[in-house]
Every structure is written in structure tokens, then in C-alpha cells.
There are 2 protein chains.
Amino acid sequence: MINQYYTSMLSEKDVIFEIFQYAQEKAKIVGAENIYDFSLGNPSVPAPASVNDTIIKNVRELDALSLHGYSPGMGVPEARAAIAESLNAKYGCHYKAENIFMAIGAAGALAHAFRAVNNPGDTVLTFAPCFSEYKPYTAGASLKLSIVPADTDSFQINFAAFEEMLTPAVTSVLINSPNNPSGIVYSTETIERLAAILNAKSEEFGHPIYLISDEPYRDIVFTGTDSPYIANYYKNTLTCYSFSKSLSLPGERIGYLAVNPDCEGAADIIAICPQISRTIGQNGPASLMQRTIIDVCGDTSDLSVYEENKKILYDALISYGYSCVEPGGTFYMFPRSLEPDSYAFCEKAREKNLILVPGDIFGCPGHFRIAYCVPTERIRKALPVFKELAEEYLK
Amino acid sequence: MINQYYTSMLSEKDVIFEIFQYAQEKAKIVGAENIYDFSLGNPSVPAPASVNDTIIKNVRELDALSLHGYSPGMGVPEARAAIAESLNAKYGCHYKAENIFMAIGAAGALAHAFRAVNNPGDTVLTFAPCFSEYKPYTAGASLKLSIVPADTDSFQINFAAFEEMLTPAVTSVLINSPNNPSGIVYSTETIERLAAILNAKSEEFGHPIYLISDEPYRDIVFTGTDSPYIANYYKNTLTCYSFSKSLSLPGERIGYLAVNPDCEGAADIIAICPQISRTIGQNGPASLMQRTIIDVCGDTSDLSVYEENKKILYDALISYGYSCVEPGGTFYMFPRSLEPDSYAFCEKAREKNLILVPGDIFGCPGHFRIAYCVPTERIRKALPVFKELAEEYLK
């Protein structure tokens with residue numbers, strides 16, 4: 001009989017995708033140029049030329065059998081080594097190839113991290129606002145997900161609520177900085193305080209609390225933002241990374257799990273990753289992409305447009321009377337909605353063909369997300385619409 | 001705390017991989033030319049030129065943002081349509097694009113199939129000899145796997161044992177034809193009889209019994225072998241396919257799940273596949289590979305070497321006194337071991353640098369697997385060693 005759990009998921013709306021589909025349909029009626037679609041976090045700048053050049057070079061020069069052949073369960077050794085080196089050079093860590101597990105994007109890395117350092121029934125603690133997919137990700141690993149309410153003044157960590165919710169049932173803590181949807185980057189102060197609490201509580205509880213750090217936006221950080229490399233501050237850190245945003249390759253499904261070499265059980269955690277793959281039908285990213293990453297893992301797309309978009313949009317919104325914590329990175333912004341019900345607010349925006357995502361689905365009502373990974377021209381054209389919307393509320 | 005279940009999997013030996021590693025190590029000592037390694041099912045013929053040509057064309061001609069961008073949860077629509085068309089042309093079916101779900105190889109397709117048409121605790125019935133990975137695949141979906149003993153005279157289905165084991169707890173039946181490890185292809189007669197039993201029992205039990213057909217070797221069938229397209233014989237069939245073997249692309253992790261349009265709940269089964277993906281960290285195969293498959297899904301590598309290898313090896317083994325059911329496809333052969341303990345037999349072969357895999361790990365003791373996807377020259381060179389081994393037992 002058809003699976004009941006997955007069938008029940010069909011009735012939980014995938015709000016972001018429905019909004020995106022609405023925008024696509026509406027565009028057919030009123031013309032794409034009249035729809036201001038800020039619903040999806042799809043990179044708007046192409047992959048750097050080095051990616052396509054390397055793909056072509058690999059296809060031309062490598063032996064077809066090894067290029068397209070099975071890669072080892074952990075991933076292509078040279079890709080793992082290149083990533084370790086790149087991290088060490090950039091952040092002064094001491095990863096070796098054997099600390100890196102090649103994964104099918106950040107989603108694949110998280111699927112392994114959740115299963116590696118937790119057992120069914122354990123609790124994972126994360127912080128609002130957070131990516132809506134964390135719920136199915138943890139549910140699929142038979143874990144409970146608890147969400148610490150947001151500190152809406154800063155979108156750093158609400159430590160009072162966190163310490164209250166950090167019970168012995170919590171086996172890992174999940175963070176996402178730079179953050180989707182707020183665009184906020186956790187400061188060194190935040191990470192140091194988080195690490196101190198996790199160390200103290202690990203000792204008190206008599207078991208390690210692992211920090212699972214979801215970092216697909218790590219390379220999209222704006223000028224002047226304090227952006228610590230998290231694993232350097234807490235030894236029991238599993239870093240989940242994807243090249244989706246930094247290299248504009250979301251469809252190629254390539255990323256990795258980096259286990260801090262000083263992590264408790266570091267070798268065992270990596271060792272069981274291929275076992276996890278066997279139970280969830282994964283066998284690593286496409287070999288052609290793994291071989292390409294060897295050469296390009298230190299590169300990025302031209303990410304400057306996101307900072308430019310942020311500046312134009314943020315300055316304008318503030319001048320129109322919106323209230324917003326200024327993003328330090330990503331391509332998201334998370335202002336307060338101009339009425340408490342963010343669904344109603346987004347509905348009103350939608351009447352003006354301005355497509356926004358209500359904050360409730362990120363565990364943070366009273367806000368809305370703008371994905372400003374669009375051509376700058378589109379931002380400029382949308383400003384009068386944001387202004388008009390504000391005037392209706394604030395007149 | 002580190003996951004106990006996955007840690008326990010580490011102590012279950014991955015026998016095939018250990019054997020392969022032994023062969024690699026031994027090759028360093030005695031020289032690769034003196035090791036006859038028949039352990040791994042890795043294609044030995046390169047991908048057809050059309051694959052690399054299409055990759056290069058796509059990289060050069062397609063817009064980078066759409067080429068490398070997110071693909072829909074179901075897969076790239078044009079790839080789904082091309083696969084449906086190709087199946088219809090080849091087998092006279094009537095798939096539409098919406099019956100096809102793009103998956104990360106056959107493993108990804110099976111991961112979705114198992115979760116789609118079963119609920120946790122249900123029983124999946126399969127047939128010995130069978131692929132050793134079916135155990136973790138079903139365990140990961142919280143399913144019980146029951147294995148029907150082999151009919152070792154033909155490696156078709158042991159129907160007496162099957163009918164006894166087909167209880168109301170069975171919600172799906174898993175078959176793999178052409179078969180790894182036996183190389184046998186289920187005949188039209190076998191499939192018709194299987195379908196008749198499944199239809200009768202579905203009615204008796206009051207619930208559909210789904211047939212999950214794992215077909216990565218479907219395109220490697222030898223001249224004269226009766227090779228029915230299984231979904232044409234039983235409507236509740238989910239076909240899991242991979243381009244790994246037919247196009248020699250095992251590392252690129254691309255395949256699909258095709259749901260028979262007449263299948264009970266066909267639309268729902270496909271609809272929940274992306275929901276399943278959300279819980280197991282998958283988001284479809286690499287977009288570049290999906291776009292490449294649009295053009296090459298009807299092609300194959302030059303697969304004739306496998307038939308040539310089969311003929312040489314099979315004829316020689318029979319002449320040396322081995323007993324073996326002649327394969328109808330794949331690049332595997334599954335003779336009887338010359339002593340009942342297949343581990344002891346393979347150990348004795350190993351002393352002669354002949355690397356074979358014991359049948360026990362496929363649920364079929366007293367046999368051994370030869371993966372003859374190697375250059376024909378290697379087969380010829382190994383023949384005297386097979387002969388010498390037989391002589392020791394049969395003198």
C-alpha cells in the first residue's frame with residue numbers, strides 16, 4: 001500500500017514552491033517584466049568560467065572509464081584532499097583528506113551528519129528563523145527537531161531560550177550561518193558563547209553535543225561582516241557545505257561533510273558515512289563533478305552582485321519605513337511584515353505582483369523573506385512597489 | 001552519540017569490497033598482470049562517444065544558469081519525456097513523462113520505490129541469488145526483507161518456495177532480471193507465472209502487491225535470450241533503471257524510476273517521490289547528466305565484449321568440469337563451487353591469484369560469482385588457472 005507518511009506530506013503545502021508557481025502562472029498573464037518574484041534562492045550569477053573549462057578538459061583528457069567509473073564510497077580521493085587543503089589555507093584548520101566525505105549537496109551532507117551523530121528518537125535543536133527543509137531532513141532520520149525562538153532584534157542566538165531548551169535529550173545542535181532566511185552571520189561573540197555553553201553542557205550531560213553547521217552561504221559574506229569559521233571554535237563540529245551557491249551549481253548536487261579532526265569519534269563518524277549512504281540510496285556526487293571540484297574548489301562565481309543588491313534594497317526599505325536587521329551575507333533579507341500576519345501581508349504584496357515568502361514557514365511569524373538573487377535591474381524596478389506597499393500601511 | 005546501528009554495519013564485512021582490496025594489494029606485490037580479478041561489476045567498455053560529445057555540447061551551448069541550476073524535484077522534464085519515448089519505442093509501452101522520476105542511479109530509484117509502495121514494518125520478498133545491497137536498502141526504509149531460496153538448476157524462480165512465503169505481510173516483490181550474480185534472464189514463462197500469482201494473491205489479500213523490478217542490466221542481454229519487458233506483464237510494476245551499465249556511467253549516478261501508467265495509484269506514487277527525496281537528502285541526479293541523457297538515453301556502449309567474454313569463459317569452464325547455468329545477459333556468471341563451502345573454494349582460488357566472490361553473500365551458498373567485465377585478453381589468460389583449480393578438485 002502506498003506509504004501513508006509520504007502521502008501525508010503531500011497535504012503539507014510546500015509554501016515556497018507554491019508561491020513560485022503562482023508567480024510563474026501570473027507572469028504568463030501580466031508578462032514576466034511585471035512580476036517581481038523574490039521567492040526562490042536560485043543563484044542569479046553564472047558559474048565561473050573555470051567550472052565549464054574544467055568539465056570540458058576532464059571530458060577530453062581523462063580516460064572515460066575512470067572519469068565516469070564508480071568513485072569510492074567516501075568520494076574521489078583527490079577531491080577530498082583538494083577540499084581539505086582549501087579549507088586549511090583559508091581558515092587555518094588542519095583537515096586531512098580523510099576528514100572529508102563527498103556529498104550530494106548540503107542536503108546530502110546533512111542527511112549523513114544527522115544519521116551519524118544521533119540515534120533514532122534523539123533531539124536536534126536549531127534556531128528560528130531556519131530553513132523549512134530541516135523538518136523533513138530530521139524526520140527522515142527519525143529525529144525530533146526543536147526550534148529555539150528567534151532573537152528578532154538581531155537574529156543572533158536567543159541564548160536565554162536556548163539554555164532552557166538544551167536538555168540531556170539534545171544530542172546535536174544545528175546552526176545555519178550565514179542564515180537563510182535572515183541573511184545574518186553569527187558573530188565571533190555568538191559562536192564563542194555557543195561553544196562555551198555546549199562544552200559545559202556536554203560535560204554536565206556526560207555525552208558530547210555535536211554541532212552540525214550548515215554552511216552553503218559561507219562564501220557569500222558582505223564587506224566588514226565578522227564571519228568566524230565555526231569549526232575553529234568548537235571541536236565537535238560537523239560542517240556541511242555545498243558548492244551550489246558559491247559556484248552557482250545548485251543542480252549539480254555537489255558538496256561535502258567536513259568532520260573536525262579534533263572531533264570526538266572523528267574517524268568513526270567518517271567511517272560510517274558510506275554505511276549511511278547504503279541505507280538511503282546515495283553513492284556520492286557525480287564523478288565528473290567530483291573531478292571538476294579538484295580544480296575549482298577554491299573559486300567562486302562573481303558574488304558581488306548580491307552585496308550590491310542588498311545595499312540598494314536595504315537602504316530603500318529602511319527609507320520607506322520598513323524595519324529590518326541588515327544582512328551580513330547570503331542573498332536573503334528578512335524584514336518585519338507591516339502587519340502581524342505575514343501571510344496576509346504577503347497576500348497584499350502579491351496583489352501588486354510582488355512575490356514574497358511569509359516568515360511563518362521559517363519558524364518566525366511577523367516577518368517576510370526577500371530572495372534578492374535577481375538582476376540588480378529587477379531590484380530597482382521593484383522599489384516603487386515596495387514603497388507603495390509601505391505607504392498603504394504607514395499612511 | 002555516534003549512531004549505533006551504522007556503527008554495527010561496520011563490523012558486517014563488505015565482502016566484495018574486501019576481496020577487491022585484497023586483489024589490489026596483492027597486485028602491488030606480484031604485479032597486476034598476475035592477478036585475475038573478477039570481483040567487481042565495473043563496466044570495462046567506455047561510454048559511447050555520444051555521451052562525452054553531448055556533455056561538451058551542453059556545456060558550450062546551454063545557458064550556465066539553466067544548465068547548472070536546480071532541476072525540478074521530479075527531474076528535468078525533457079529527460080523524463082525522452083526516457084518515456086525511448087521505452088515506448090523499444091517495448092511498446094505507453095509511458096508519459098509524468099510516469100518517470102529521475103533518480104540517482106538504480107540505488108536512488110530503489111530507495112524511492114521501497115519507500116513509496118511500502119510502509120514501515122512491511123515485508124519485501126526477493127529471490128536468491130540476489131544483490132547483497134538489498135539488505136541495507138530495505139533496512140534503511142524500515143522494511144523486512146525475506147529471500148526465497150534459489151532454484152539452482154535454472155536460477156529462474158523457485159515457485160513452490162515463493163508461494164509458501166507469499167503471505168499477506170508481503171507488500172512488494174523485488175526482482176532483478178537480468179540477474180546479478182547469476183546472469184540469468186527471467187523468461188516470459190517465468191514472468192507470466194509470477195504475474196498470475198501476484199494477481200491472484202493481491203485479490204486474495206485485498207491489497208496490491210507491487211513488483212519492484214531492478215533492471216540495471218536490462219540492455220546487456222545475449223543473442224537468442226528471451227527477455228520480456230517486465231512491466232508489460234504485470235500492471236503494478238515499478239521499474240528501477242540505471243544508465244551505469246548500459247552507458248558505462250556508474251560514477252555519474254543517473255537512472256530513473258518508471259511507474260507503469262496502469263499501476264494502482266500511479267500518479268500518487270510519482271507524486272510522493274520528491275517528498276521521499278526530502279527525507280533522505282536527495283535532490284535528483286546532476287543536472288548536466290540529466291540534460292545529457294535527453295540526447296543519449298537510447299544509446300549504449302559497445303556491449304558485445306560481454307557476450308564474447310561469456311562465451312569463451314562458459315565454454316572453457318564447462319570443458320574443465322565446472323557446472324554452471326549459462327548466463328543470458330549481464331557480465332556475471334555463477335557456477336557451482338567445487339566444494340560445498342564457497343568461502344573455502346574462493347580461498348583456494350585466491351591462492352592462485354584468481355579473485356572470485358563466494359555465493360553466500362548473494363544468499364546462495366555452494367556457488368561463486370565471476371564478474372567478467374574485463375578485457376577479453378584477461379579472460380583468456382585466466383583460463384589455465386581455472387583449469388588448474390578444477391583439476392585439483394576433480395582429479
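For the structure given in this document, a descriptive report is provided here.

Basis of the calculations
Residues numbered from 1 in each chain as written. Chains lettered and ligands numbered in written order. Predicted model: local features only at pLDDT ≥ 70, side-chain atom pairs only at ≥ 80, totals over all residues. Heavy atoms only, no water. Helix = DSSP H or I, 4+ residues; strand = E, 2+ residues; numbered from the N terminus. Rg over C-alpha atoms; globule rule 2.2 N^0.38 Å. Contact = heavy atoms within 4.5 Å. Buried area = accessible area lost by both parts, 1.4 Å probe. Salt bridge = Lys/Arg side-chain N within 4 Å of Asp/Glu carboxyl O. Polar contact = N/O pair within 3.5 Å; in protein donor to acceptor, adjacent residues only side chain to side chain. Buried < 20%, exposed > 50% of the residue type's maximum accessible area, 1.4 Å probe, protein only. Least-squares fit on C-alpha atoms with pLDDT ≥ 70 in both. Pairing = 2+ DSSP bridges. Phe/Tyr/Trp six-rings, centres within 6.5 Å; stacked < 30°, edge-to-face > 60°. 1 Å grid on protein atoms, 1.4 Å probe; cavity = no way out; pocket = protein on both sides within 12 Å on 5 of 7 lines; lining within 4 Å. Points joined across faces, edges and corners; volume = space filled by probe spheres on them. Nonpolar A, V, L, I, M, F, W, Y, C, P; charged D, E, K, R; others polar. Axes fitted to C-alpha atoms, helices over the stretch in contact; angles between N-to-C directions. Parallel < 35°, antiparallel > 145°, perpendicular 65-115°, else oblique.

Along its length, chain A carries 14 helices and 12 strands. For chain A, whose C-alpha radius of gyration is 21 Å, the value lies close to the compact-globule estimate of 21 Å for 395 residues. In terms of principal-axis extent, the alpha carbons of chain A reach across some 60 × 55 × 55 Å. Sequence separation of at least 24 residues holds for 75% of the intrachain contacts in chain A that already meet a minimum separation of 6.

Attention now moves to the interface of chain A and chain B. Tallying the contact residues gives 71 residues for chain A and 71 residues for chain B. Together chain A and chain B conceal approximately 6,000 Å² of surface at their shared face, both sides included; 58% is due to carbon and sulfur atoms. Summed over the shared surface of chain A and chain B, the number is two salt bridges. Note that B:Glu133 and A:Arg278 form a salt bridge whose closest N and O atoms lie 2.8 Å from each other. Summed over the shared surface of chain A and chain B, the number is 41 residue pairs in polar contact (both at pLDDT 80 or more). Going through the elements one at a time, helix 1 (4-11), helix 3 (49-61), helix 4 (64-67), helix 6 (105-116), helix 7 (134-140), helix 10 (266-280) and helix 11 (287-296) of chain A are the ones with two or more residues in the side of chain A that touches chain B. Top contributing element to the side of chain A that touches chain B by residue count: helix 10 of chain A, with nine residues.

Quick look at the pattern of salt bridges now. Applying the stated rule across the entire model yields 22 salt bridges over all chains. For the salt bridge of B:Arg336 with B:Asp153, the shortest nitrogen-to-oxygen distance reads 3.7 Å. Taken together, the residues B:Arg336 in the loop between strand 9 (332-333) and helix 13 (342-351) and B:Asp153 in the loop between strand 4 (144-148) and helix 8 (159-165) connect sequence positions 183 residues apart. For B:Arg336, a relative accessible area of 32% gives the class partly exposed. Note on B:Asp153: relative accessible area 64%, which makes it exposed. Through salt bridges with shared partners, a single network forms among A:Lys352, A:Glu388 and A:Glu392.

Here the second copy of the chain follows from the first by a rotation about an axis and a shift along it. Turning chain A through 180 degrees and shifting it by 0.0 Å along the axis lays it on chain B, with an RMSD of 0.0 Å. With respect to symmetry, the two chain copies, as superposed, fit the operation of a two-fold axis. When you check the interface residues of chain A against chain B, 100% turn up at the interface there too, and the contact is symmetric in its surfaces.

All names here are of chain A. Here three strands make up an open sheet; going across it, the order is 9-12-11 and the pairing antiparallel. Lying at the two open borders of the sheet, with one neighbouring strand each, are strand 9 (332-333) and strand 11 (357-358). Both strand 9 and strand 12 (residues 368-371) contribute to a ladder of two bridges, which runs antiparallel. Looking at the pairing, Met333 lines up with Ile370 of strand 12.

A few words on the environment of B:Ala82. All names here are of chain B. Inspection of the secondary structure puts Ala82 in helix 5 (residues 77-91). As for Ala82 and Lys96, which are separated by 14 residues in sequence, their C-alpha atoms are 9.4 Å apart. With residues near it in sequence (within four places) discarded, Ala82 still touches Ile294 and Cys297.

Turning to unusual backbone geometry, a few remarks are in order. Residues and elements named next belong to chain A. Here the amide bond leading from Ser177 into Pro178 is cis, since omega sits at -5 degrees, within 30 degrees of zero. Along the chain, Pro178 falls in the loop between strand 5 (170-175) and helix 9 (188-205). Here the bond from Asn180 into Pro181 is cis, since omega is 25 degrees, no more than 30 degrees from zero. With respect to the secondary-structure elements, Pro181 resides in the loop between strand 5 and helix 9. The phi dihedral of Phe155 falls on the positive side, at around 55 degrees, and the residue is not glycine. As for its position among the elements, Phe155 is in the loop between strand 4 (144-148) and helix 8 (159-165). In the Ramachandran plot, Arg253 falls in the positive-phi region, its phi being about 55 degrees despite a non-glycine side chain. Mapped onto the elements of the fold, Arg253 is located in the loop between strand 7 (237-242) and strand 8 (255-259).

This part covers the packing of aromatic side chains. Residue and element names in this part refer to chain A. Considering all chains together, one arrives at 46 aromatic pairs over all chains under this definition. On the numbers, 4.9 Å between centres and 65 degrees between planes, the contact of Tyr306 with Phe331 is edge-to-face. Pair noted here: Tyr306 is in helix 12 (residues 304-320) and Phe331 is in the loop between helix 12 and strand 9, with a separation of 25 residues, a long-range link. Residues Phe334 and Phe362 carry aromatic rings whose centres are separated by 6.0 Å and whose planes lie at 85 degrees to one another, so their mutual orientation is edge-to-face. Taken together, the positions of Phe334 in the loop between strand 9 and helix 13 (342-351) and Phe362 in the loop between strand 11 and strand 12 put the pair 28 residues apart, joining distant regions of the chain.

All right, on to empty space enclosed by the protein then. Residue and element names in this part refer to chain B. Under the counting rule described, the total for this entry stands at seven cavities of 30 Å³ or more. Its boundaries defined by the atoms lining it, the largest cavity holds a volume of some 140 Å³. If you go around the largest cavity, you meet 15 residues; those closest to its centre are Ser86, Lys90, Arg218, Asp219 and Cys297. Of the residues belonging to the lining of the largest cavity, the class tally is seven nonpolar, four polar and four charged.

Taken N-terminus to C-terminus, the directions of helix 1 of chain A and helix 10 (residues 266-280) of chain B make an angle of 100 degrees; their axes are 9 Å apart at the nearest point. For the element pair helix 1 of chain A / helix 10 of chain B, the angle class is roughly perpendicular. Contacts between helix 1 of chain A and helix 10 of chain B pair A:Tyr5, A:Tyr6, A:Thr7, A:Met9 and A:Leu10 from the former with B:Ala271, B:Ile272, B:Gln275, B:Ile276, B:Arg278 and B:Thr279 from the latter.

All names here are of chain A. The sheet built from seven strands is open, its strands ordered 2-8-7-6-5-3-4 with mixed pairing. Both outer strands of the open sheet, strand 2 (100-103) and strand 4, are each paired with one neighbouring strand and no more. Along the sheet, successive strands turn relative to each other by an average axial angle of 20 degrees, direction set aside. With four bridges connecting them, strand 5 and strand 6 (residues 210-214) associate as parallel partners. The residue bridging Ile175 from the neighbouring strand is Ser213, located in strand 6. Contacting strand 2 and strand 8, helix 5 (residues 77-91) crosses the sheet at an angle of about 115 degrees to strand 2. Packed on one face of the sheet, helix 6 meets strand 2, strand 3 (123-127), strand 5, strand 6, strand 7 and strand 8 and runs near 160 degrees to strand 7.

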